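The lines below spell out each chain.
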Amino acid sequence: VIEACSKRRIYVILDCHGAPGGQMMDHCCGTLVKNELYDSPQNRAIFVDLWTTLARRYKDNPAVAAYDIMNEPQNNGGYEGPNSFQPGSEDTLRRTFSIYDEVYQAIRQVDPHHLISFEAIWEGRCLPDPRPYKLTNVLYQMHIYDRDQEGIDTRINELKAYQDDYGVPAYAGEFNCDPLEEYAMERFNALDIS
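Residues numbered from 1 in each chain as written. Predicted model: local features only at pLDDT ≥ 70, side-chain atom pairs only at ≥ 80, totals over all residues. Heavy atoms only, no water.

A. Here's a closer look at the pattern of salt bridges. Following the criterion strictly, the structure yields eleven salt bridges and no others. When the shortest N-O distance is used, the salt bridge between Lys7 and Glu3 registers 3.5 Å. With Lys7 and Glu3 both in helix α1 (residues 2-7), this residue pair falls four residues apart, about one helical turn. In terms of burial, Lys7 and Glu3 fall into one category: exposed. Salt-bridge contacts for Asp39 lead to Arg95; the nearest nitrogen and oxygen are separated by 2.9 Å. In this pair, Asp39 is assigned in the loop between β1 (12-15) and α2 (41-58) and Arg95 in helix α3 (residues 90-110), connecting sequence segments 56 residues apart. Looking at Arg95, the relative accessible area reads 12%, which means it is buried. (Salt bridge = Lys/Arg side-chain N within 4 Å of Asp/Glu carboxyl O. Helix = DSSP H or I, 4+ residues; strand = E, 2+ residues; numbered from the N terminus. Buried < 20%, exposed > 50% of the residue type's maximum accessible area, 1.4 Å probe, protein only.)

Written out as structure tokens, the structure is:
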């Protein structure tokens, strides 16, 4: 797929939708109601090894635009269980930033050049200021599924704040704002949000 995209001058973002043990409680990570990545040394080691292997393989591939470490971390709303950490809580953010930092450091050991993407779920404050973590060449993203103007504006303003306050590019990695798709697209374009 990457080779076919390269031939057509299409960039590829490598995205881990399902981390070992699951990075959320939701079904889209492939391990429904588990969320066992953060506190499992074994799952963390497998995850770090996975990203190190991918970065080593694609470090010189110009078709790969970025490494998206994990899809929608801590998408736990509405679930119950021992690992249903409250999205946005200090404890949940500590767990999430910890794995982000560990994977970021491992990737940078083998690939100092590719963009690395971090995702917030479901609000802007779920990503840290990159400066204290010494994060460079990073992309901050959110997925936007709001369907009312107020919700769309809130999410887009949070993405814009990443650009203005943190000096990092902002990206709407997934979105469905029906029936306000055109409105959302106009706002993305006006604010240079990819």
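Still more to cover.
B. Structural detail: α2. Compared with the 26 Å implied by 1.5 Å per residue over 18 residues, the 26 Å span of α2 between its first and last C-alpha is a close match. Along α2, the positions that sit buried rather than exposed are Asn43, Arg44, Phe47, Val48, Trp51, Thr52, Ala55 and Tyr58. On its buried side, α2 packs onto α1, β1, β2 (64-68) and α3. (Expected span 1.5 Å × (residues − 1). Contact = heavy atoms within 4.5 Å.)

C. View of the side chain of Asn76. With respect to the helices, strands and loops of the structure, Asn76 is situated in the loop between β2 and α3. Residue classification places Asn76 among the buried positions, given a relative accessible area of 3%. Separated by 2.8 Å, the side chains of Asn76 and Gln74 make a polar contact. Asn76 has contacts with Met24, Met25, Asn35, Asn83, Ser84, Phe85 and Pro87, leaving out every residue within four places of it along the chain. (Polar contact = N/O pair within 3.5 Å; in protein donor to acceptor, adjacent residues only side chain to side chain.)

D. Representation of unusual backbone geometry. In the segment running from Ile121 into Trp122, the intervening peptide bond is cis, with an omega of -25 degrees. Structurally, Trp122 is set in the loop between β3 (115-120) and β4 (138-144). Look at Arg9: it is not a glycine, yet its phi comes out positive at around 60 degrees. Considering the arrangement of structural elements, one finds Arg9 in the loop between α1 and β1. A residue is classified by how much of its surface remains accessible, and Arg9, at 78% relative accessible area, is exposed. With a phi close to 60 degrees, Val33 is a non-glycine residue in the positive phi region. By the secondary structure assignment, Val33 is in the loop between β1 and α2. Using a relative accessible area of 39% as the deciding quantity, one classes Val33 as partly exposed.

E. Region of the structure containing the sheet that holds β4. Strands sit in the order β1-β2-β3-β4-β5 across an open sheet of five strands; the sheet is parallel. Where the open sheet ends on each side, the last strands, each with one partner, are β1 and β5 (170-175). Along the sheet, successive strands turn relative to each other by an average axial angle of 30 degrees, direction set aside. Pairing of β2 with β3 involves three bridges; the strand directions are parallel. Within the sheet, the bridge partner assigned to Tyr67 lies in β3 and is Ile116. Contacting β2, β3 and β4, α3 runs over the sheet at an angle of about 170 degrees to β3. Relative to β4, helix α4 (residues 149-166) is tilted by about 170 degrees, and along the sheet it contacts β3, β4 and β5. (Pairing = 2+ DSSP bridges. Axes fitted to C-alpha atoms, helices over the stretch in contact; angles between N-to-C directions.)

F. Summary view of the environment of Glu80. Mapped onto the fold, Glu80 is located in the loop between β2 and α3. Note on Glu80: relative accessible area 72%, which makes it exposed. Separated by 50 residues in sequence, Glu80 and Pro130 place their C-alpha atoms 31 Å apart. Apart from residues no more than four positions distant in its own chain, Glu80 is found in contact with Met25 and Val33.

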